[in-house]
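Notes for the structure review
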Amino acid sequence: MFDIGFWELILIAVIGLIVLGPERLPHALRAMQRAVSGVRSYSTRVQAELNHELRIKELHDHLKQAEQGDLEKLSPELQRSIAELQQAASQVQRPYAKKPDADE
């Protein structure tokens, strides 16, 4: 990602040691590590959300194509998308399905 070599890292460490001192340098490094890991986790969450939204868009486009064409003559990809949408719909409806009463 960054094009930093060994000697540049040594120079940064020496400057950090001079500026912060030996007492505060470990705390500053830990804070920087927490910040970097926070940025990484945020970018991972954003990427996952974007992938999810792109998949929803793709399924929506496939559904539009299926509505325009004959449902029996769909490509295998469109048939998989329709099956995936039907499965998701059944999972959403399952918690709301009426349960039979025990006293009947």
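In this report, we go over the structure that sits alongside the text.

Conventions used here
- Residues numbered from 1 in each chain as written.
- Predicted model: local features only at pLDDT ≥ 70, side-chain atom pairs only at ≥ 80, totals over all residues.
- Heavy atoms only, no water.
- Helix = DSSP H or I, 4+ residues; strand = E, 2+ residues; numbered from the N terminus.
- Buried < 20%, exposed > 50% of the residue type's maximum accessible area, 1.4 Å probe, protein only.
- Areas by Shrake-Rupley, 256 points an atom, 1.4 Å probe, with all protein chains shown as cover.
- Expected span 1.5 Å × (residues − 1).
- Bend = angle between axes of the 7 residues up to and from the residue.
- Salt bridge = Lys/Arg side-chain N within 4 Å of Asp/Glu carboxyl O.
- Phe/Tyr/Trp six-rings, centres within 6.5 Å; stacked < 30°, edge-to-face > 60°.
- Patch = residues over 30% accessible without salt bridge, like charges linked within 9 Å, V, L, I, M, F, W, Y side chains within 5 Å.

Attention now goes to the overall build of the protein. The helix and strand tally for the protein stands at two helices and zero strands. When each of the 104 residues of the protein is scored for burial, the buried share is 10%. Accessible surface for the protein amounts to roughly 9600 Å². Of this, 61% is attributable to carbon and sulfur atoms.

This part is about helix 1 (residues 6-68). Along its 63 residues, helix 1 runs just 60 Å from first to last C-alpha, ending more than 12% under the 93 Å computed at 1.5 Å per residue. The principal kink in helix 1, of about 110 degrees, is found at G21, preceding the proline P22 by one to four residues. Within helix 1, burial applies to G16, G21, L25, L59, H62 and A66.

For the structure shown, the criterion picks out three salt bridges. We note a salt bridge from E58 to R55, for which the minimum N-O separation is 3.2 Å. Of this pair, E58 and R55 both sit in helix 1, three residues apart, which is roughly one turn of that helix. The salt bridge partner of E84 is R55, with a shortest N-O separation of 2.5 Å. Taken together, the residues E84 in helix 2 (residues 76-93) and R55 in helix 1 connect sequence positions 29 residues apart. On the basis of relative accessible area, E84 is assigned to the partly exposed category, the value being 33%. Linked through salt bridges whose partners overlap, the residues forming this network are R55, E58 and E84.

Another point: the packing of aromatic side chains. Counted according to the given criterion, the structure contains one aromatic pair. Plain terms: the ring middles of F6 and W7 are 5.3 Å apart, the flat faces sit at 75 degrees to each other, and that makes the pair edge-to-face. Take W7: its relative accessible area is 67%, and that puts it in the exposed class.

This part is about a nonpolar patch on the surface. A cluster of nonpolar side chains, contributed by F6, W7, I10, L11, V14, I15, I18 and V19, occupies part of the molecular surface with about 890 Å² of accessible area. Position of L11 among the secondary structure elements: in helix 1.

Shape is all these values report; function is a separate question.
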